[in-house]
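Descriptive analysis of the structure
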Amino acid sequence: MQPARTEFRTGLRAGLPLLIAIVPFGLVTGVAMAAVGIPAFEAMAMSVLVFAGASMLAATQLIAEGAPGLIVVLAAFIVNLRLLMYSASIRPYFAGESLGRRLLVSYTLVDNPYALFLQRFGAHPEAAGKFDYFLGLSITNWVGWQASVAAGLLVGNQLPTAWKLEFAAPLAFIAMSVPLLRDKAAVAAALSAGVTAVLAHGLPLRLGLALAAAVGIAVGLFTEKLLGTKA
Amino acid sequence: MNLWLIILGMSVATFGQRAAFLLLPARVQLPAPLRRALRYVPAAVLTAIWAPELLLQKGVLSLALGNERLLAGIVAVAIAWRFRVTFGTIAAGLVALHLFDWMF
């Protein structure tokens, strides 16, 4: 590819178009956290320490419902299981890097940079400058995310409830999930998980989410086997 | 205080998930069946989060025209499916919500 410094700048720039997706999502998250009364300092602490938007939004909804802390953490874990998958899939590209660099990649590993990184290096696992590109990409993504959460927190309490902005949270999840449905097995996994979540809504301790995840995975695998395709 | 425990728990869990394979020695691999299963996690979990928000009204299943969240959600799903845009999906869903609220 290119020398390290050039890769770093390429990464920084490559992250810019992602902001169109990141900023509204960060705003929605900030607004939601402010709306349920999470203080700005704690909200920013969560944003910096956790740095995984979907789980923050899910946690915010649960905190608003008064769910026990352990349930909130468990729900976040389930929502973020995909990060475990990313970690496994991206490892070969960073296996030769220092511990510090691998820790940095771990901290910043989220959906959009992951996808963009694989677009560039997926076919060139041995190419130089991988870390520098990922770092540039992640810096743009991180700054854009934190700034938009902060902006959401700032305006959060002042927006009129008549705007029904609380509905932006489920809409953000729709915007995240629907583009993932690229094959029949994924569609089957999503549909069955959605139906299960609705039917199991009354279960205590938010078991509905875990159950929905399990049913969705099983149906997805079964559909894949039935159709004999590998997605 | 409880909020800080939640933040701490989420941070440790999330960082652990991300770091797991980046820090483990290369010979530790996810078993292939588990890897296949994990592929369906994002679609399943993210859908399971929004589906009840659209289909339930006060905890009861509602498929009526009066459920404007469901109607607006259908619009949002259609936009997301066709155009794969975050901002457009959220904006269209909010506009549709107000429109259906006014109509029905």
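Predicted, not measured: the structure shown is a model, and the values here were computed from it. (Residues numbered from 1 in each chain as written. Chains lettered and ligands numbered in written order. Predicted model: local features only at pLDDT ≥ 70, side-chain atom pairs only at ≥ 80, totals over all residues.)

**Some points on the overall build of chain B**
The line we're drawing: A run of H or I in DSSP counts as a helix once it spans at least four residues, and a run of E counts as a strand once it spans at least two, with each numbered from the N terminus. As a reference, a globule follows 2.2 Å times the number of residues to the power 0.38, and the radius of gyration itself is taken over C-alpha atoms. Counting other C-beta atoms within 10 Å of each residue's C-beta, where C-beta atoms are placed from the backbone, gives the exposure class: buried for 20 or more, exposed for 12 or fewer, partly exposed between. Any pair of residues counts as being in contact when their C-beta atoms, constructed from backbone geometry, are within 7 Å of one another.
In terms of helices and strands, chain B carries 5 helices and 2 strands. Along the chain direction, N to C, the helices and strands of chain B fall in the order α-α-α-β-β-α-α. The globule rule puts the C-alpha radius of gyration for 104 residues at 13 Å, and the 19 Å found for chain B is more than 25% above it. Seen along its three principal axes, the alpha-carbon backbone of chain B occupies a region of about 60 × 40 × 25 Å. Considering chain B as a whole, with its 104 residues, one finds that 41% of them fall into the buried category. Long-range pairs, those at least 24 residues apart, make up 36% of the contacts in chain B with a sequence separation of at least 6.

**Re the overall build of chain A**
From N to C terminus, chain A includes 12 helices and 0 strands. Reading chain A from its N end, one meets helices and strands in the order α-α-α-α-α-α-α-α-α-α-α-α. Relative to the 2.2 N^0.38 estimate, which gives 17 Å for 231 residues, the radius of gyration of chain A is 19 Å and therefore close to what a compact globule would have. Looking at chain A residue by residue over its 231 residues, the buried ones come to 51%. Residue pairs in contact within chain A that sit at least 24 positions apart in sequence constitute 75% of those at least 6 positions apart.

**Regarding the interface of chain B and chain A**
Contact residues are listed per partner, giving 59 residues for chain B and 71 residues for chain A. The set of elements that each furnish at least two residues to the side of chain B that touches chain A consists of helix 1 (2-23), helix 2 (32-38), helix 3 (41-55), helix 4 (68-83) and helix 5 (86-103) of chain B. Per-element tally for the side of chain B that touches chain A: the top contributor is helix 1 of chain B, with 18 residues.

**Topic: the nonpolar core**
A general feature of soluble globular proteins is that nonpolar side chains tend to end up buried together. Threshold: Each nonpolar core reported here comprises buried Ala, Val, Leu, Ile, Met, Phe, Trp, Tyr and Cys residues connected via C-beta atoms within 7 Å.
The biggest cluster of nonpolar side chains holds 104 residues, and the ones touching the most others in it are A75, A76, A172, A189 and A213 of chain A together with A44 and A48 of chain B. Tallying contributions element by element places helix 3 of chain B first for this core, with 11 residues.

**Considerations on the environment of A13 of chain B**
Tracing the backbone shows A13 of chain B in helix 1. With 20 C-beta atoms counted inside 10 Å, the residue A13 of chain B sits in the buried group. Between the C-alpha atom of A13 of chain B and that of P42 of chain B, which follows or precedes it by 29 residues, the distance is 17 Å. Not counting chain neighbours up to four residues away, the residues in contact with A13 of chain B comprise V73, A76 and F77 of chain A.

**Digging into the packing of helix 10 (residues 168-177) of chain A against helix 5 of chain B**
For clarity, the threshold we go by: What counts as an axis is a line fitted to C-alpha atoms, over the stretch in contact for a helix, and the angles between N-to-C directions run from 0 to 180 degrees. Geometric relationships in this document are graded by angle, where less than 35 degrees denotes roughly parallel, more than 145 denotes roughly antiparallel, 65 to 115 denotes roughly perpendicular, and other angles denote oblique. We call a crossing left-handed when the near helix sits turned anticlockwise from the far one by less than a right angle, and right-handed when that turn is clockwise.
Running from N to C, helix 10 of chain A and helix 5 of chain B point in directions that differ by 140 degrees, and their axes come no closer than 9 Å. It follows from the interaxial angle that helix 10 of chain A and helix 5 of chain B lie oblique. You can see that helix 10 of chain A and helix 5 of chain B cross each other, and the crossing is right-handed. Contacts between helix 10 of chain A and helix 5 of chain B involve A168, L171, A172, I174 and A175 of chain A on the former and, on the latter, T86, T89, I90, G93 and L94 of chain B.

**Overview of helix 4 of chain B**
Short version of the rule: Every helix has an expected span of 1.5 Å times one less than the residues it contains.
Its 16 residues give helix 4 of chain B an end-to-end C-alpha distance of 22 Å, which sits within 8% of 22 Å, the value for a rise of 1.5 Å per residue. Those residues of helix 4 of chain B that are buried are in contact with helix 10 of chain A together with helix 3 and helix 5 of chain B. Positive phi appears at R84 of chain B, one or two residues downstream of helix 4 of chain B, with a value of about 55 degrees.

**Regarding helix 3 of chain B**
Residue and element names in this part refer to chain B. Basically, it comes down to this: Bend at a residue means the angle formed by two fitted axes: the first through the 7 residues ending at that position, the second through the 7 residues beginning there.
Across its 15 residues, helix 3 extends 21 Å between first and last C-alpha, which sits within 8% of the 21 Å expected from 1.5 Å per residue. Most pronounced at A48, the bend in helix 3 amounts to some 25 degrees, and the proline P52 follows within four residues. Across the 15 residues of helix 3, 15 count as buried, placing the element largely inside the fold.

**Considering unusual backbone geometry**
We note that F51 of chain A has phi near 50 degrees; this positive angle belongs to a residue other than glycine. Mapping F51 of chain A onto the fold places it in the loop between helix 3 (40-50) and helix 4 (53-64). A positive phi angle is found at R84 of chain B, which is not glycine, with a value near 55 degrees. Note on placement: R84 of chain B falls in the loop between helix 4 and helix 5. On the basis of neighbour count, R84 of chain B is assigned to the partly exposed category, with 14 C-beta atoms found within 10 Å.

Don't take any of this as a statement about function, it's just geometry.
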